[in-house]
Amino acid sequence: MTTYELVGIGNAVVDVISHADDSFLDLMGIEKGIMQLIERERGEVLYGAMKDRLQTPGGSVANTVAGAGALGLKTAFIGRVRDDALGQFYAKAMTDISIDFVNAPISGGENPTSRCMIFVTPDGERSLNTYLGISTGLTSEDVPQAVTSKAKLMFLEGYLFDHDAGKSAFREAARAATAGGGMAGIAISDPFCVERHRDDFLALIQNDLGFVIGNEAEIRALWETDDTEAALVKTAEICPLVVCTRSGDGVTLIRGEERVDVPVTRIVPVDATGAGDQFAAGFLYGLATGRDLETCGRMGNICAAEVISHIGPRPETDIMALFKAQGLV
């Protein structure tokens, strides 16, 4: 059985990216700068209104796995797609970049493959409209223990925590990874996910996870506070490793008594899509290869800076060359 350095579990979503201006967002009733869940009919309307479409396999954790795989980690991804045109595109696109796509496309049923319409405005801000389709139906049956128990690192997507079956699947996957000698962690994904499931999030983090990654708003949401520092301290009390991204203010990493604050060089983004996902890819690459916390944070920052320099949620340049230029490898 293959041993994986990183296994991700998340929504398998085809990202469809298009440029738009603020007047277009207003016309279509799109709220700027956030992710909104939409129904199938609304998704069809927005898709039809898109111009200069760029279609890529996406999903937050899937993007992270792809980024880590591009750096050389042996990776696998667990997620659900329908056996339709988008699902076939998704599965092939993942395997084409040497990611083991664990779940075969599913035949029958009503819900099609998930898709996210992303509108990028001239200021680089992204407005996401996601129809989740089949991906939200993930259960323990979709998560083979033969894969999770062989994961050095297991990375879970907080969006899937919105469903009871997903919660059970996450707990089982995390415990299988830990029993196999690995470590599981989660991307918090969204403050609203936390608000809907705060107690369950905290229980999972405290009882089953070795690391948690979130931005300031997500970390604060765990504790219903506006004080980021207080939220970091509380999270570090229940989780061995806490990573908090702070946009242009860098990243804070806390492991036990060790704390590292890694700054970033501010740049104007071309497209902020995937910044957090690719930060996680660089960070997890560093963690999987035994780097210290500061190096892990710097690797994450380099990956995030690269992805916001162009359209699309995945790297387009040789990240390893960037690491070498900074003396990190």
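Check the entry above for the structure.
About the criteria used
Residues numbered from 1 in each chain as written. Predicted model: local features only at pLDDT ≥ 70, side-chain atom pairs only at ≥ 80, totals over all residues. Heavy atoms only, no water. 1 Å grid on protein atoms, 1.4 Å probe; cavity = no way out; pocket = protein on both sides within 12 Å on 5 of 7 lines; lining within 4 Å. Points joined across faces, edges and corners; volume = space filled by probe spheres on them. Helix = DSSP H or I, 4+ residues; strand = E, 2+ residues; numbered from the N terminus. Nonpolar A, V, L, I, M, F, W, Y, C, P; charged D, E, K, R; others polar. Pairing = 2+ DSSP bridges. Contact = heavy atoms within 4.5 Å. Axes fitted to C-alpha atoms, helices over the stretch in contact; angles between N-to-C directions. Phe/Tyr/Trp six-rings, centres within 6.5 Å; stacked < 30°, edge-to-face > 60°. Buried < 20%, exposed > 50% of the residue type's maximum accessible area, 1.4 Å probe, protein only. Expected span 1.5 Å × (residues − 1). Core = buried A, V, L, I, M, F, W, Y, C linked by side-chain atoms within 4.5 Å.

Caption draft 1: Region of interest: the layout of surface pockets. Empty space within the second largest pocket amounts to approximately 180 Å³. Around the second largest pocket, the lining residues are Ala66, Gly67, Ala70, Leu71, Ile97, Arg314, Pro315, Thr317, Asp318, Ile319 and Met320. Those elements that place two or more of their residues in the lining of the second largest pocket are helix H3 (60–70) and helix H13 (319–325). Sorting elements by how many residues they give to the lining of the second largest pocket places H3 first, with 3 residues. Counted by class, the lining of the second largest pocket contains 7 nonpolar, 2 polar and 2 charged residues.

Caption draft 2: Seen up close, the sheet that holds strand S11 (residues 211–215). Strand order in this open sheet of 9 strands is S6-S5-S1-S9-S10-S11-S12-S13-S14, and the pairing throughout is mixed. A single partner strand is all that each edge strand has here, and the edge strands are strand S6 (100–101) and strand S14 (258–262). Relative to strand S5 (residues 75–78), strand S1 (residues 6–9) is paired through 4 bridges, and the arrangement is parallel. By the bridge assignment for S5, glycine 8 is matched with phenylalanine 77. Against the sheet, helix H6 (residues 164–179) engages S1, strand S9 (153–157) and strand S10 (183–187), with an angle of about 170 degrees to S9. On top of the sheet, helix H10 (residues 228–238) reaches S11, strand S12 (241–245), strand S13 (251–255) and S14; it is set at about 155 degrees to S12, its chief contact.

Caption draft 3: Molecular detail of the sheet that holds strand S7 (residues 114–120). Strand order in the open sheet made by the 5 strands is S3-S8-S7-S2-S4, with mixed pairing throughout. Edge positions in the open sheet fall to strand S3 (35–37) and strand S4 (54–58), since each of these has one partner strand only. Between one strand axis and the next, the sheet turns through 25 degrees on average, direction left out of account. Running at roughly 70 degrees to S4, helix H4 (residues 85–96) makes contact with strand S2 (13–19), S4 and S7 of the sheet.

Caption draft 4: Region of the structure containing the packing of aromatic side chains. A full pass over the atoms with the stated rule returns 8 aromatic pairs. Aromatic pair phenylalanine 24 and phenylalanine 119: ring centres 5.5 Å apart, planes at 40 degrees, arrangement tilted. Pair noted here: phenylalanine 24 is in helix H1 (residues 22–28) and phenylalanine 119 is in strand S7, with a separation of 95 residues, a long-range link. By relative accessible area, phenylalanine 24 is classed as buried at 19%. One aromatic cluster is present, formed by Phe77, Tyr90 and Phe101 through successive ring pairs.

Caption draft 5: Fine view of H4. For H4, built from 12 residues, the straight-helix expectation of 16 Å at 1.5 Å per residue is met to within 8% by its first-to-last C-alpha distance of 16 Å. Buried positions along H4 lie against S2, S4, H3, S5, S6 and S7. Backbone geometry just after H4 places serine 98 at a positive phi near 70 degrees.

Caption draft 6: Layout of the nonpolar core. Phe77, Tyr90, Phe119, Phe155, Phe283 and Phe323 are the most contacted members of the largest nonpolar core, which has 58 residues in total. Counting residues in hydrophobic clusters, the runner-up holds 39 residues, among them Val7, Leu156, Ala184 and Ile205.

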